[in-house]
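Working through the structure, step by step
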Amino acid sequence: MSQQRSAEPSPFSPGYGRAPLVFGGHAEELAELTAVFETLDFGENQTVLLSGLRGSGKTSMLAKIQDHARDSGWLVISDDASAGLMERVMETTIPGLMSEVSVDARRRLTGLGIWKFSAQWEYIDRHREIKPLLRRDLVALSEELSHSGSPAGILITIDEVSSGKTRLRELARFALELSHAIGEGANLMVVFAGIRVNLEALVNEEHTTFLRRSRDLDFRRLTPAETRFVLEESIRIGGKAIDEDALTSLVSVSQGYPYLVQLAGDYAWRNSESKSSITLSDAQAAHGKAIAAVERRVISRVYQDLSEVDQQFIAAMAVDDGPSRVSDIVRRLEVSDQYVQVYKKRLIESGYVQTDGRGLVTFSLPYLRDYVRSLTADDLGTGATDDWDHFPPLSPQAG
Ligand SMILES: Nc1ncnc2c1ncn2[C@@H]1O[C@H](COP(=O)(O)OP(=O)(O)OP(=O)(O)O)[C@@H](O)[C@H]1O
Ligand SMILES: [Mg+2]
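Residues numbered from 1 in each chain as written. Chains lettered and ligands numbered in written order. Predicted model: local features only at pLDDT ≥ 70, side-chain atom pairs only at ≥ 80, totals over all residues. Heavy atoms only, no water.

As annotated in an unreviewed UniProt entry, the chain is ATP-binding protein from Mycetocola tolaasinivorans.

1. Description of the overall build of the chain
Regarding its fold elements, the chain presents 15 helices and twelve strands. Taken over 399 residues, the chain has a buried fraction of 50%. In the chain, of all internal contacts separated by at least 6 residues, the share reaching a separation of at least 24 is 72%. Total accessible area on the chain stands at roughly 19,900 Å², and carbon and sulfur atoms take up 49% of it. (Helix = DSSP H or I, 4+ residues; strand = E, 2+ residues; numbered from the N terminus. Buried < 20%, exposed > 50% of the residue type's maximum accessible area, 1.4 Å probe, protein only. Contact = heavy atoms within 4.5 Å. Areas by Shrake-Rupley, 256 points an atom, 1.4 Å probe, with all protein chains shown as cover.)

2. What to know about the pattern of salt bridges
Applying the stated rule across the entire model yields 20 salt bridges. Close ionic contact of Arg196 with Asp218 constitutes a salt bridge, the shortest N to O distance being 3.4 Å. Here Asp218 lies in strand β7 (residues 215–219) and Arg196 lies in helix α7 (residues 196–203), a separation of 22 residues in the sequence. By relative accessible area, which is 29% here, Asp218 ends up partly exposed. Here Arg220 makes a salt bridge to Asp218, at a shortest N to O gap of 2.7 Å. Take Arg220: its relative accessible area is 37%, and that puts it in the partly exposed class. Linked through salt bridges whose partners overlap, the residues forming this network are Arg196, Glu200, Asp218 and Arg220. (Salt bridge = Lys/Arg side-chain N within 4 Å of Asp/Glu carboxyl O.)

3. So, the environment of Asp356
Relative to the helices and strands, Asp356 resides in the loop between β11 (353–355) and β12 (360–363). For Asp356, a relative accessible area of 34% corresponds to the partly exposed category. Remark: the alpha-carbon pair of Asp356 and Pro323, spanning 33 residues in sequence, is separated by 7.0 Å.

4. Brief notes about the environment of Arg18
Take Arg18: it is sitting in the segment before α1 (27–39). Since its relative accessible area comes to 44%, Arg18 is described here as partly exposed. Counting along the chain gives 45 residues from Arg18 to Ala63, while the straight-line C-alpha distance between them is 9.5 Å. Residues in contact with Arg18, not counting those within four places in the same chain, are Phe12, Ser13 and Ser60.

5. Some thoughts on the site of ligand 1
Taken together, 24 residues are adjacent to ligand 1, and Ser13, Gly17, Arg18, Lys58 and Ser60 come closest. In the model, a nitrogen atom of ligand 1 is placed 2.9 Å from a nitrogen or oxygen of the Gly24 main chain. Between Arg54 and ligand 1, the recorded distance is 3.5 Å, taken from a side-chain N or O atom to an oxygen atom. Taking 630 Å² as the accessible area of ligand 1 by itself, protein coverage stands at 98%. Taken atom by atom, the bulk of ligand 1 overlaps the largest pocket. Among the elements of the structure, α2 (58–71) and α10 (258–271) are those that each provide at least two residues to the shell around ligand 1. Residues of the shell around ligand 1, tallied by class, amount to ten nonpolar, ten polar and four charged. When residues of the shell around ligand 1 are assigned to domains, at least three fall in each of domain 1 (27–219) and domain 2 (224–302). (Near = heavy atom within 4 Å. Polar contact = N/O pair within 3.5 Å; in protein donor to acceptor, adjacent residues only side chain to side chain. 1 Å grid on protein atoms, 1.4 Å probe; cavity = no way out; pocket = protein on both sides within 12 Å on 5 of 7 lines; lining within 4 Å. Sits in = over half its atoms within 2 Å of the grid points. Nonpolar A, V, L, I, M, F, W, Y, C, P; charged D, E, K, R; others polar. Domains from an automatic or database assignment.)

6. Notes on the packing of aromatic side chains
Under the counting rule described, the total for this entry stands at five aromatic pairs. Centroid distance Tyr339 to Tyr343: 5.2 Å. Interplanar angle 45 degrees. Geometry classified as tilted. Of this pair, Tyr339 and Tyr343 both sit in helix α14 (residues 337–350), four residues apart, which is roughly one turn of the helix. In this structure an aromatic cluster arises from ring pairing among Phe37, Phe42 and Trp74. Its end group placed over the ring of Trp269, Lys240 keeps NZ or CZ at 4.8 Å from the ring centre. Sitting over the face of the ring of Tyr16, Arg301 holds its NZ or CZ atom 4.1 Å from the ring centroid. (Phe/Tyr/Trp six-rings, centres within 6.5 Å; stacked < 30°, edge-to-face > 60°. Lys NZ or Arg CZ within 6 Å of the ring centre and 35° of its normal.)

7. Quick notes on the sheet that holds strand β5 (residues 154–159)
If you walk across this open sheet you meet the five strands as β2-β5-β6-β1-β7, and the pairing is parallel. What marks the edges here is a single partner per strand, and that holds for β2 (75–80) and β7. Taking the axes of each pair of neighbouring strands and ignoring which way they run, one obtains an average angle of 15 degrees across the sheet. Along the sheet face, α1 touches β1 (47–52), β5, β6 (188–194) and β7 and points at about 140 degrees away from the line of β7. Where helix α5 (residues 134–147) meets the sheet, its contacts fall on β2, β5 and β6, and the angle it forms with β5 comes to roughly 135 degrees. (Pairing = 2+ DSSP bridges. Axes fitted to C-alpha atoms, helices over the stretch in contact; angles between N-to-C directions.)

8. Quick word on the layout of surface pockets
If a probe as big as a water molecule is rolled over the atoms, it shows which places are left empty. Within this model, the largest pocket holds a volume of roughly 610 Å³. What lines the largest pocket is a set of 37 residues, and nearest its centre among them are Tyr16, Gly55, Ser56, Gly57 and Lys58. Residue assignment for the lining of the largest pocket shows that the elements contributing at least two residues are α2, β6, α7 and α10. If you tally residues by element for the lining of the largest pocket, the top one is α10, at four residues. Each residue belonging to the lining of the largest pocket can be placed in one class, and the counts come to 15 nonpolar, 15 polar and seven charged. (Points joined across faces, edges and corners; volume = space filled by probe spheres on them.)

9. What to know about the sheet that holds strand β10 (residues 324–325)
For sheets, the rule is that strands pair by backbone hydrogen bonds, running either parallel or antiparallel. Strand order in this open sheet of three strands is β10-β12-β11, and the pairing throughout is antiparallel. Among the strands making up the open sheet, the edge pair consists of β10 and β11. By the bridge criterion, two bridges tie β10 to β12 in an arrangement that is antiparallel. Within the sheet, the bridge partner assigned to Arg325 lies in β12 and is Leu360. The sheet strands contacting helix α12 (residues 308–318) are β10, β11 and β12, and the helix crosses β12 at an angle near 100 degrees.

This is how it looks when you write it as C-alpha cells:
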C-alpha cells in the first residue's frame, strides 16, 4: 500500500477565542475553581479576576470553566463587558435560561412575578409592579437551583473588561448588583477577565470595592513542559507523530506563549502535508511564519494596549539586545529616576516586563522587542534591517 494519504485537518486553533484542542497548564487553578461547582464551598473563589496579556488564554480559560459549570448543572451567564450588558443579561440571557430549568422550577419562578411568560414559555416582558433588578433575578434563580436534587448555582463570566469611562461605570453598576445578590446568599461565581490595568480600573470604581477580595489569576506563559505537552498531544490526537528535534524546536519558537504555540504547531502541521510525521524541516519552516503572524495579530495589539508613556519606556528598552539597565532607560527618556521607577513597576505588574536581577529589566513577552524595533527603527537607529534597506526611498529631487 502506498504511504500517500490526504492531508489531515490541523488540530491547532490559532485565533482569538478559539478554544484549543489541548488546554495546557493552569490545572491546579482549574481544579480549585471547578470543585466549587460540586461543593458550593466558595472559599476565596466567589469572585475571580483573570488577567493576562492578549493571546495568553483568558477566553479559553473562561470556556473551560463554563463547560465544567454546565456539566455540574450550573446555569451560565457569559458576556462581554460591552455597552448594554445589563439589558442583554436581564432581557435575553436570563429569560433564555428558563428553558434550562425544570417545568416545576419554571412555574415556581414565574409565580414570583418577576417575569411574564406565554403559555409556551416564551418570555413576554418584565412584571410591572416589581422594579426589575438583576440582583432579584439572580437571587430567585439561585434559590430555585439550591432546592433541586443536586444543589447548583450560577456562573457569571464577563470577558473583555475595558477601561473606557462609560464602560467602566456601566460595568460597576452590574458588579454592584452581583455583590448585592451574593450578599443575599445567592450561589454565584463571578469571573471578570481582561488585561490587568483594565481590571484594576474596574476594582477602583465606586461600588466595586468588594472585588478587592477576589481571587487573582494572572496568566503568563506556559512552562516548557506544558508547551511540549500541548504540541505533542495535539499532534497525536490529530493523527500524526513528531520527531524529537522538531518538537524541541517548536517549543523554543513558541516560548510558551499560547497563541504562538497554536500558530507554530499549525504551520508545522501544514508544512508536513501528507507525511505521517512532522520533521525538523517542517518545524523550521514554521519559525518565520509563526513569528511574523504573532507579531501582526497579537504583539501589535499588545503594544496598542499600552499607554503612550509605557510605549516610550518599552521603546527605550528595545534599544538593548538583552536586559536593559534602568539607568540607561532614565538617560534615554531624559526623565527622572523616580518617574522611570513608577512606569517600570506598572509594566512589571501588568506582565509586559520582568526584572532580571540587579536593576535590569527585560521583555517577558517573546518578540515584543523585535516588534517595537520594527516600529521605531528610524527613531532609534537600532540597525533593524529588512530587504528594503537595499532600496532606499528616493527623494523627490532625485533623478
Ligand atoms: N492553555 C492553553 N493551551 C494551549 N493553547 C491555548 C491555551 N489558552 C489559549 N490557547 C490558544 O491561544 C490563542 C489565544 O487564546 P485566547 O483567545 O483564549 O486568549 P485571550 O487571552 O483571551 O486573548 P485576548 O486578550 O486577545 O482576548 C488561541 O488560539 C487558543 O486556542
Ligand atoms: Mg479573549
